Amino acid sequence: MWNLKNQWNQSIFNKNLGERGFIVGVLLIPMPFIVLLAINLYLYDPVQIFHKPYFREITFFGDMRVAARGITQHYNFDSYILGTSMLENTSAKEAREKLGGKWVNISLSGSTFNERAVVLEYLFKHQLPKQVLYSLDYLVSVHTRNNMPIQLYNDSSIDDFSFYFNDRFILCSFVWSKDKNCVGKSDSEARLEDSIVRWIDKEDIVGRFGGFENWVKFKNHEQLKDVFKTLSQYEASSPKENSIIEELNVAIQGNITKNILKFVKQNRQTQFYFVIPPYSRLNYKLNSKFGGNFLQFQSTLSWFVSELGKYPNATLYGFDDLDYADEIANYKDLTHYNVDMNLMQLDAIRDGKHILTSENIEEYLKTMESKILEYNIEPLAKVAKEMLGE
Amino acid sequence: MSGGGGQNNDLFIESPLSSLANDSFSLSNPNPFNPASSKIHKLNPKFFLILGIVFNLALLGFFKYTDFFLENFNAFSKILSLDFAIPLPHILLPLAISFFTFQQIAFLVDCYRRVDTQDLQEERKALNFLDYCLFVCFFPQLIAGPIVHHKEMMPQFHTLFARIGSFAVWGHCAKGIFIFSLGLFKKVVIADSFAKWANAGFAVVEQGGNLNIAESWATSLSYTFQLYFDFSGYCDMAIGLGLFFGIMLPINFNSPYKSLNISEFWRKWHITLGRFLKDYLYIPLGGNQNKKYQDSKFYAILNKVFTLRNLFIVAFLSGIWHGAGFGFIVWGSLHGLAMCVHRIYGFILERFQLQSARFLKSKVYQVLCWFVTFNFLNCTWIFFRSENMQGAINLLKGMFGIVWVEMPQKIRAPLLLANIEGRNDTLIYLALAFIVCLCFSNSIKKLEQFSPNLLNALFTGVLFCYSILMLASTSYTEFIYFNF
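The rules behind these values
Residues numbered from 1 in each chain as written. Chains lettered and ligands numbered in written order. Predicted model: local features only at pLDDT ≥ 70, side-chain atom pairs only at ≥ 80, totals over all residues. Heavy atoms only, no water. Helix = DSSP H or I, 4+ residues; strand = E, 2+ residues; numbered from the N terminus. Buried < 20%, exposed > 50% of the residue type's maximum accessible area, 1.4 Å probe, protein only. Areas by Shrake-Rupley, 256 points an atom, 1.4 Å probe, with all protein chains shown as cover. Contact = heavy atoms within 4.5 Å. Buried area = accessible area lost by both parts, 1.4 Å probe. Salt bridge = Lys/Arg side-chain N within 4 Å of Asp/Glu carboxyl O. Polar contact = N/O pair within 3.5 Å; in protein donor to acceptor, adjacent residues only side chain to side chain. Nonpolar A, V, L, I, M, F, W, Y, C, P; charged D, E, K, R; others polar. Patch = residues over 30% accessible without salt bridge, like charges linked within 9 Å, V, L, I, M, F, W, Y side chains within 5 Å. Lys, Arg positive; Asp, Glu negative; His and termini not counted. Charge placed at Lys NZ, Arg CZ, Asp CG, Glu CD. Disulfide = S-S within 2.5 Å. Pairing = 2+ DSSP bridges. Phe/Tyr/Trp six-rings, centres within 6.5 Å; stacked < 30°, edge-to-face > 60°. Lys NZ or Arg CZ within 6 Å of the ring centre and 35° of its normal. Expected span 1.5 Å × (residues − 1). Arc of directions from axis to C-beta. Right-handed = clockwise from strand over helix to strand, strands pointing away.

Student: Help me understand the overall build of chain A, please; the structure alone is not making it clear to me.
Tutor: Each helix and strand counted, chain A has 18 helices and five strands in total. Viewed in the frame of its principal axes, chain A has a C-alpha envelope of about 90 × 55 × 40 Å. Residues classed as buried in chain A amount to 53% of the 390 residues present. Total accessible area on chain A is roughly 18500 Å²; 55% of this is exposed by carbon and sulfur atoms.

This is the structure we're talking about:
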């Protein structure tokens, strides 16, 4: 014990620096360590902000809000699938074969228009993409979200480092870890050819397609648990007021103009393909009593079609006039369709089918509305009621 | 002065001015130091004391509780079918009002009682307005405490200029940067990490959702540690900033989560608030003496009953002081009850002369005491934090399995804590927080043992720089006590 104390007293760490020396030390001693840390983080660069990986295989994070920066900056793609979960299953490989160009899927799960605008802004600032495939989810929503790591997509390169200044990446960089939490999944380069963010093959998802009985099997799933309750209350509920709110229209159109049409207008060399994701008919039927209002949707879609008419570099595709949305077996929940719809969308773009124009939009919306009205919800409501013991 | 968002800084200036007017009256009757006092020295000083206290409390009540009062008045009138529906004014809270109100009341009372006023009178003919303003507005501790007393601040202000240029300035600065870095690290790295999980968990329960048992405990413990590291971090930073100016602020924390009973907890948590409430509320109420009844033949019983009443009132008002909301009322009441239960337990031990029983000194008993105290604190913080009562009750139901949410099949942290965005880090942070709170000495002890050696320079430099780097990479999270 005495020995230890003696050693400590003689140790360099116990050297008295004096008060002034201490203050200077506190401010200066960490500097070399910070510089070394910054150099190490620059070289390690797990998200590929600065360069492609050195001394390790190419990997990407599944969170495309983070990964999109590296993919768009360091890889040689010229066409982008930029949707939400509605386009996450769209195969870049299929797109390449059907539409030409070097496609990659950088869809941001659950993203709003303003979040995707951040990526578009970055993309058009650094290159001239030939084609962009974009899904118009929740068209009448003015909801914005700010989950993007903005520092990765702004003009400043210095604050890019701030993305790495946290315990997770600092600890990972010390050992140049190849763990998926540090650098992303290991087979992601191969999956980039198709879609890194593809979810259709996941274990808990496959089983939910195929029919309503499969939904029942997963009745406690986050995406389904409220559906049965809503279904059981459908009959007893009165229809929601259906009217166009002018103020909302102005807000919706402003949101779309700012976050979508601006890019179409400014980048005439790029071909934009917009798709309206065909949510299940059941979704629209329930919405008539519990959700958004259909007249607003019709009005917004008609306006969007007329706006797109001004730009020869943009086309809109719609699939809600098909019987596809009537079949619950095509859906894992109220909105997410099977991968065959993603293929159908690519086919439509290739073949020039299902295009919505000012000439056919009225007929399209009429067909869609009549299909919603005719949709028979009763058998499903009955099952839901039995299930809930009502 | 930068502070909590949405606070009204302009209003801050009114209170010291008006309070000083009252303070002058109080000191001046009969005040040998104030020549201007001749015209007013015949006025009743008690009147001015009451006026000053009422004015300060009225300001606090107006700014802090108007919305709460009107909201409940509207709800009550609706029940009586009167439905006044008075619109809520949403008054902005003046910066630091809860803190400077207490400091000014203490100042008024001491001037009236003529206790601890030597610091005001020394070599002075009249109260110096600038000194007074500095005492109330001293920015390091202004926004969230510690609640300082003039007897510990004024003498330091008087000698401040005499000390400039002396060698002690560097010593203070070295100590200041040491404890400031500790505080910054506690806030930015530890408290803000816990804040992510606590906020996510409370957001779920406040919106009517339920969490599984692991998420519920992780949420409540995260908040328990967030609050501690946030507030004690702030106080360390305040002490550090004070030291840069050569001013030593009072200690506000003394390892409170090591407490073995609720009474000890309140002697160690937010010490300056406890000191204020003891000196200016508990003792004036009678404290544990209640001499008003000493002539009664039932004095022994009456004294015990009134001591319990006094304890409850102090804890209850402490709850209300923290904010306008039923959560704070419940939190204060529970702490009041706990103080009473603890005191009754003491009475019982005393009655049966068990204070020196062997079991009460055993390790097992002490661990049991700590376990009960810590869990009581952990559960009551839920009411303190939750924005609505439903959230607090939902979280408690989840913690004790009253509402059982299915657990994932694979017991892995990210799945188990999915609703609070928890990962393995959550468990590691919780384990480390327990170790730090229970096994290490606190920052004040570290400051006392401070020596400007190389190891401390390295340690301080790493904490400081790491905290600054974290600050640069995360979004701004306000100090919790800015809201009070």
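On we go from here.
Student: When you look at the interface of chain B and chain A in this model, what are you seeing that I'm missing?
Tutor: Put simply, an interface is often sized by how much accessible area is lost when its parts join up. Contacts between the two partners involve 27 residues from chain B and, on the opposite side, 26 residues from chain A. The contact between chain B and chain A buries some 2400 Å² in all, and 75% of this surface belongs to carbon and sulfur atoms. The interface formed by chain B and chain A contains zero salt bridges. Summed over the shared surface of chain B and chain A, the number is two residue pairs in polar contact (both at pLDDT 80 or more). Of all elements in the fold, only helix H9 (168-206) and helix H20 (454-473) of chain B reach the threshold of two or more residues within the side of chain B that touches chain A. Top contributing element to the side of chain B that touches chain A by residue count: H20 of chain B, with 15 residues. Of the residues in the side of chain B that touches chain A, the class split is 20 nonpolar, six polar and one charged.

Student: What exactly am I supposed to notice about the environment of Asn44 of chain B here?
Tutor: Residue and element names in this part refer to chain B. Mapping Asn44 onto the fold places it in the loop between helix H1 (14-27) and helix H2 (45-79). Exposure remark for Asn44: the relative accessible area of 46% places this residue in the partly exposed category. Reaching out from Asn44, the side chain makes a polar contact with the backbone nitrogen of Lys46 at a distance of 3.0 Å.

Student: In this structure, what is going on with unusual backbone geometry? I would like to understand it.
Tutor: A negative phi angle is the norm for most residues apart from glycine, just as the trans form is the norm for most peptide bonds. The backbone of Phe55 of chain A shows a phi angle near 55°, a positive value even though the residue is not glycine. Examined against the element boundaries, Phe55 of chain A turns out to sit in the loop between helix H3 (30-44) and helix H4 (64-74). Residue classification places Phe55 of chain A among the exposed positions, given a relative accessible area of 73%. One non-glycine residue, Asn290 of chain B, lies in the positive phi region at around 45°. The residue Asn290 of chain B is located in the loop between helix H12 (271-285) and helix H13 (299-322) in this model.

Student: So what exactly am I meant to see when it comes to the pattern of salt bridges here?
Tutor: Think of it this way: side chains of opposite charge can pair up when their charged atoms draw near. Residue and element names in this part refer to chain A. Across all of its chains, the model carries 25 salt bridges over all chains by this definition. Of the charged contacts, one joins Asp326 and Arg281 as a salt bridge, the two residues approaching to 2.9 Å between their closest N and O atoms. Note that Asp326 is positioned in the loop between strand E5 (314-318) and helix H16 (339-351) and Arg281 in helix H14 (residues 281-290), a separation of 45 residues in sequence. Asp326 gets classed as partly exposed once you look at its relative accessible area, which sits at 23%. The class for Arg281 is buried, based on a relative accessible area of 0%. Shared partners join several salt bridges into a network, and the residues in it are Glu94, Lys98, Asp347, Arg350 and Asp351.

Student: Would you mind going over a positive patch on the surface with me for this structure?
Tutor: On the surface, a cluster of positive charge is made up of Lys180, Lys185 and Lys202 of chain A together with Lys410 and Arg412 of chain B. Locating Lys180 of chain A in the fold gives a position in helix H8 (residues 180-183). The class for Lys180 of chain A is exposed, based on a relative accessible area of 52%.

Student: Sorry, what's going on with the state of the cysteines here?
Tutor: In protein chemistry, a disulfide is the covalent bond that joins the sulfur atoms of two cysteines. Per the counting criterion, the structure on display carries one disulfide over all chains. In this model Cys172 of chain A forms its disulfide with Cys182 of chain A; the gap between the sulfur atoms is 2.0 Å. As the torsion about the S-S bond is roughly -65°, the Cys172 of chain A-Cys182 of chain A disulfide counts as left-handed. Taken together, the residues Cys172 of chain A in helix H7 (residues 167-175) and Cys182 of chain A in helix H8 connect sequence positions 10 residues apart. For the residue pair Cys172 of chain A and Cys182 of chain A, the accessibility class agrees, reading buried in each case. This cysteine, Cys111 of chain B, is not joined by any disulfide, and Cys133 of chain B carries the nearest cysteine sulfur, 14 Å off. Given a relative accessible area of 1%, Cys111 of chain B falls into the buried group. Its sulfur unpaired, Cys173 of chain B is 18 Å from the next cysteine sulfur, which belongs to Cys465 of chain B.

Student: In this structure, what is going on with the environment of Met153 of chain B? I would like to understand it.
Tutor: Residue and element names in this part refer to chain B. Locating Met153 in the fold gives a position in helix H7 (residues 150-158). Remark: the alpha-carbon pair of Met153 and Ser263, spanning 110 residues in sequence, is separated by 27 Å. Setting aside residues up to four positions removed in sequence, Met153 forms contacts with Phe135, Phe138, Val148, Ile247 and Leu249.

Student: Help me out: how do you make sense of a nonpolar patch on the surface in this one?
Tutor: Residues Phe69, Phe73, Phe76, Ile79, Leu80, Leu82, Phe84 and Ile86 of chain B make up a contiguous nonpolar surface patch of about 830 Å² in total accessible area. Topologically, Phe73 of chain B is positioned in helix H2.

Student: How should the pairing of strand E4 (residues 271-276) of chain A be read in this particular structure?
Tutor: Within a regular strand, side chains alternate between the sheet's two faces. All names here are of chain A. Of all six residues making up E4, five are buried, and the element is well covered by its neighbours. Bridge analysis of E4 against E5 gives five bridges, and the strand direction is parallel. Paired with Phe274 across the strands is Leu316, a residue of E5.

Student: Would you mind showing me how to read the packing of aromatic side chains here?
Tutor: Any pair of aromatic rings gets described here by the distance separating the centres and the angle formed by the planes. If you walk through the whole model with that rule in mind, you get 80 aromatic pairs over all chains. On the basis of an interplanar angle of 35° and a centroid distance of 5.0 Å, the ring pair of Tyr42 of chain A and Phe50 of chain A is categorised as tilted. Look at Tyr42 of chain A and you get partly exposed, because its relative accessible area is 34%. Assessed through its relative accessible area of 18%, Phe50 of chain A is described here as buried. Directly above the aromatic system of Phe347 of chain B lies the positively charged group of Lys304 of chain B, at a separation of 5.3 Å from the ring centroid.

Student: I would appreciate a short explanation of H16 of chain A in the present structure.
Tutor: Residues and elements named next belong to chain A. End to end, H16 covers 18 Å across 13 residues, agreeing with the expected 18 Å (1.5 Å per residue, within 8%). Those residues of H16 not exposed but buried are Met341, Asn342, Gln345, Leu346, Ala348 and Ile349. One side of H16 holds all its buried residues, which, seen down the axis, span an arc of 155°. On the buried face of H16, the contacting elements are helix H5 (92-99), strand E3 (131-135), E4 and E5. Downstream of H16 by one or two residues, Gly352 has phi in the positive range, about 70°.

Student: Explanation requested: the pairing of strand E1 (residues 79-82) of chain A in the structure shown.
Tutor: Residue and element names in this part refer to chain A. Burial along E1 is two-sided: the residues Ser79 and Ile81 and Tyr80 and Leu82 are all buried. With three bridges connecting them, E1 and strand E2 (residues 103-105) associate as parallel partners. Bridging from a neighbouring strand, Ser79 pairs with Trp103 of E2. Read as a crossover between parallel neighbours, the route from E1 over H5 to E2 is right-handed. Bridge count between E1 and E3: four bridges; the pairing is parallel. Note on E3: the bridge partner recorded for Tyr80 is Val132.

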